[in-house]
Amino acid sequence: MTVLVTGLPRSGTSWTGKMLAAGGDLVYVNEPLNPQHPPGRCPGVLRATVTHRFQYICDDNAAHWLPAFRDTVALRYRWLSELRANRSPYDLARLLRYGTAFAFGRLAGRRALLDDPFAVLSAGWFAASLGCRVIALVRDPVSFVASWQRLGWTVYFHELLEQPLLVRDHPELLELRALVGSQDRIAKAAALWRATRAILERTPGVRVTSYESLAADPLTGFRGLYAYAGLPWTPEAERRITRACTGPSGAGTGFARSGLSRTGFAWSGLSRTAYRPMDSRRALDDAARGLSPQDAARVRALTS
């Protein structure tokens, strides 16, 4: 059974996905629905055209998406499609990495793990139509908005409102029209958090998981997620998660400079995930950094 890890960007999806893959039973697939290349727009991984951030997929447009995702979750890599579309040295390196990972994973009987924040509004379709075990990370709203503020990120609500099927199924999103064109990044990020949380809470087949709870007690949290995903909790998985989540981050060391961690994983490089080895409990300490107390209080009010 395929596993989908989703949630808004900067909610811990990469970290969660990597920890679930630590047991060795999953092939990690990074953000196939990301409209930016890389990591998205790779037809070898997903042979379908992504037109929007937070692409909405449902039964009414599944004819475009279902065959493509069936190939992805079956670990069938489209070598020629990828080669026709992407030929830079970096792209060729990704082609070899993903192509061999898919082929080896299929031969070894492994399952796909999709780490994709941009699938968050389509989580119900992945659960119902592809039979995915869906894990949706939700971060504390103040920490979430603070993270977006530190990165200078914003959301363009027209990308949601221009998807008629999304607005049809979730008409409350029409309230976001008032923020189209707004320069108030705090209000926009808070509105995105609130709307997404409400949609996830009423979507069947989705396990909504608190990032903060998982970071505070990773071993207990991941043991539960392994059981939910139908993965064996092995001594090796426990050892690797312990070393990745409760030890020093390696910042400033040879491990960090080389892109290698004490866990034996290469977290940086071709996958370009946002995750780095860390003490997950300490990562909670400065999560609101960058927001004033007044801004933090405002976010609480906007998302309550």
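Thresholds, definitions, all that
- Every chain's residues receive numbers from 1 upward, in the order its sequence appears when written.
- Where local features are concerned, this predicted model is filtered to residues with pLDDT of at least 70; where side-chain atom pairs are given and counted, the filter is 80 or more; whole-chain, interface and lining totals use all residues.
- Working from all heavy atoms in the structure, the side-chain values ignore hydrogens and water.
- Helix and strand assignments come from DSSP, with helices taken as H or I runs of at least 4 residues and strands as E runs of at least 2, each series counted from the N terminus.
- A simple rule labels every residue: compare its accessible area, found with a 1.4 Å probe on the protein chains alone, to the largest value its type can have, and call it buried under 20%, exposed over 50%, or partly exposed in between.
- Should any heavy atoms of two residues lie within 4.5 Å, those residues are considered in contact.
- The protein chains shown are the only cover counted for residues, whose accessible areas, like all others here, come from Shrake-Rupley with a 1.4 Å probe.
- To pair, rings of Phe, Tyr and Trp, with the six-membered ring standing in for Trp, must have centres within 6.5 Å; the planes then decide the type, stacked if under 30 degrees apart, edge-to-face if over 60, and tilted in the middle.
- Charge over a ring is defined by NZ of Lys or CZ of Arg lying within 6 Å of the ring centre and within 35 degrees of the ring normal.

Here we take up the overall build of the chain. Looking only at helices and strands, the chain has 14 helices and 5 strands in total. Taken over 304 residues, the chain has a buried fraction of 52%. Partitioning the intrachain contacts of the chain with sequence separation of at least 6 by distance along the chain shows that 74% fall at a separation of at least 24. Split by element, the accessible area of the chain, about 13,400 Å² in all, is 55% carbon and sulfur.

Bringing the environment of Val73 into the picture now. Structurally, Val73 can be placed in helix 2 (residues 62–73). Val73 sits 71 residues away from Thr2 along the chain, and the two C-alpha atoms are 6.4 Å apart. Not counting residues up to four positions away in its chain, the partners in contact with Val73 are Thr2, Ala112 and Leu114.

Quick look at the packing of aromatic side chains now. Two aromatic rings are characterised by how far apart their centres lie and by the angle between their planes. Enumeration according to the criterion identifies 13 aromatic pairs in this entry. Relative to Phe102, the ring of Tyr98 lies with its centre 6.1 Å away and its plane at 85°, an arrangement referred to as edge-to-face. Here Phe102 and Tyr98 lie together in helix 4 (residues 89–107), a separation of 4 residues that amounts to about one turn. Taking the centre distance of 5.2 Å and the plane angle of 50° together, the rings of Phe144 and Trp148 count as tilted. In this pair, Phe144 and Trp148 are both assigned in helix 6 (residues 141–151), 4 residues apart and thus about one turn of the helix distant. There is no split in this pair, since Phe144 and Trp148 are both buried. Within the aromatic cluster, the residues linked to one another by ring pairs are Trp65, Phe69, Trp125 and Phe126. Looking at Arg133, its charged tip hangs above the ring of Tyr228, at a distance of 5.5 Å from the centre.

Function cannot be read off these values alone, since they describe shape.
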